[in-house]
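Now for the letters of each chain:
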Amino acid sequence: MSKTTTYAIPYANGNYSINGEEKASTKRSGGTVYGNYTMNQYEKALYDYAQKTLAQIVPNVNLFSNDTLNNIQEQLNAYQNQGQNMINNMYAPLLNNLKNDIASRFGNFDNSMFLNNLNSIENSRSNAIAQLAESLLSKRNELVNDELSNRYNFINLLSAIQNQSNSNAMNAISAALNLANSVKGTGSNNSSSSSPINLQTMLSLMSAFL
């Protein structure tokens, strides 16, 4: 009569290295499998910076400090001064030329043609000043939106750094688990130990990253 022998195969720990540097390991203790991902000093510094900075800036992302408001106002003042200089440079020569023309022809400015031309120039200049005032409001909204856009882009960058670190850890631990399972699968035709650990099990049982 034939007899089948059944025996248990011990769980093989898994280690995953890159260029001689161990990145991930797995071990079993009792009925629980633990996964660990080791960051080097540069990865850890970048991960910690992203995590710390996100915690600091996200709660106040839509709040502007006095320094930020002052910076926006300084840019508005520069924009306003530039606009006023453009208006003055455009209309001052027209007024001076008109005055000189009337004075050379009539000797004084008490002339209806001069007054009509003067009123026309002044009306054009008033319209230009009114348009500048309207553009200042649009410019302020543009500066505020640019500031918010820069902040959101920075938050997205920090989030991407964290997500990439987490993805690297998951992939490395998965590789370590696969190595451990491949060793275990070569030992026997009948195993009474638990079934090979798959990725789903790893996701639910992996430890916190170091």
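Per-chain numbering applies: the sequence of each chain, read as written, is numbered from 1 onward. Local features in this predicted model are restricted to residues of pLDDT 70 or higher, and side-chain atom pairs are both shown and tallied only at a pLDDT of 80 or more, whereas totals for entire chains, interfaces and linings draw on every residue. Excluding hydrogens and water, the side-chain figures rest on all heavy atoms present in the structure.

1. Some remarks on the sheet that holds strand 2 (residues 21-29)
For the record, the criterion: Only strands that DSSP links by at least two bridges are regarded as paired with each other. Counting from the N terminus, the helices are DSSP H or I runs at least four residues long and the strands are E runs at least two residues long. Orientation is described by lines fitted to C-alpha atoms, with helices fitted over the stretch in contact, and by angles between N-to-C directions that extend from 0 to 180 degrees.
Taken together, the three strands give an open sheet; going across it, the order is 1-2-3, and neighbouring strands pair in antiparallel fashion. Every interior strand has two partners, whereas the edge strands, strand 1 (14-18) and strand 3 (32-37), have only one. Averaged over all neighbouring strand pairs, the angle between strand axes comes to 10°, with direction disregarded.

2. What about helix 1 (residues 41-57)?
Put simply, the rule is: To estimate how far a helix should extend, the number of its residues minus one is multiplied by 1.5 Å. Counting of polar contacts relies on pairs of N or O atoms within 3.5 Å, with two restrictions inside protein: one atom must be capable of donating a hydrogen and the other of accepting it, and residues adjacent in sequence are counted only when both atoms are side-chain atoms.
An ideal rise of 1.5 Å per residue puts 24 Å on 17 residues; helix 1 measures up with 24 Å between its terminal C-alpha atoms. Two or three places before Tyr42, at the start of helix 1, stands the capping residue Asn40, its side-chain oxygen 3.0 Å from that residue's backbone nitrogen.

3. Some points on the confidence of the model for the protein
Filter applied, for reference: As a per-residue measure, pLDDT reflects the predictor's confidence and takes values from 0 up to 100. By definition in these notes, contact holds between two residues if any of their heavy atoms fall within 4.5 Å.
With 71% of its residues at a pLDDT of 70 or more, the protein shows a mean pLDDT of 76. Put simply, helix 4 (residues 199-205) is where the protein has its lowest mean pLDDT, 42, and helix 1 is where it has its highest, 94. Confidence drops under pLDDT 50 across residues 1-9; counting only partners more than four residues distant or on other chains, this segment forms 16 contacts. Ignoring residues within four places in sequence, the model shows residues 186-210, a span with pLDDT below 50, making 50 contacts including any to other chains.

4. Quick look at the pairing of strand 1
As paired elements, strand 1 and strand 2 share five bridges and run antiparallel to each other. In the strand pairing of strand 2, Gly14 is matched with Thr26. Taking the residues that link successive antiparallel strands as the turn, the strand 1-strand 2 hairpin has two residues, and the phi of Asn19 there is positive, at about 55°.

5. Some remarks on the nonpolar core
For soluble globular proteins, nonpolar side chains are generally found buried alongside one another. Threshold: Note on terminology: a nonpolar core comprises buried Ala, Val, Leu, Ile, Met, Phe, Trp, Tyr and Cys residues joined through side-chain atoms within 4.5 Å. Relative accessibility under 20% of the residue-type maximum defines a buried residue, over 50% an exposed one, and the middle range a partly exposed one, all with a 1.4 Å probe and only protein chains included.
One finds Ala24, Val33, Tyr37, Met39, Tyr47, Ala169, Ala172, Ile173, Ala176 and Leu177 forming the largest nonpolar core, which totals ten residues. Those elements giving two or more residues to this core turn out to be strand 3 and helix 3 (112-184). Residue contributions to this core peak at five residues, all from helix 3.

6. Description of the environment of Gly35
With respect to the element layout, Gly35 can be found in strand 3. When the C-alpha positions of Gly35 and Gly14 are compared, they lie 9.0 Å apart, and in sequence the two are 21 residues distant.

7. Looking at the pairing of strand 2
As paired strands, strand 2 and strand 3 are joined by six bridges and run antiparallel to one another. The residue of strand 3 that forms the bridge with Ser25 is Asn36.

8. Quick word on the pattern of salt bridges
The following threshold applies: Basic side-chain nitrogens of Lys or Arg form a salt bridge, by our definition, when they fall within 4 Å of a carboxyl oxygen of Asp or Glu.
Scanning all chains against the criterion turns up four salt bridges. Measuring nitrogen to oxygen at the nearest pair gives 3.6 Å for the salt bridge that ties Lys139 to Glu142. Highlighted residues: Lys139 and Glu142, both in helix 3, separated by three residues, approximately one helical turn. A salt bridge links Arg151 to Glu147; the nearest nitrogen and oxygen atoms lie 3.0 Å apart. Placement of both Arg151 and Glu147 in helix 3 is noted, with a separation of four residues, approximately one turn of the helix.

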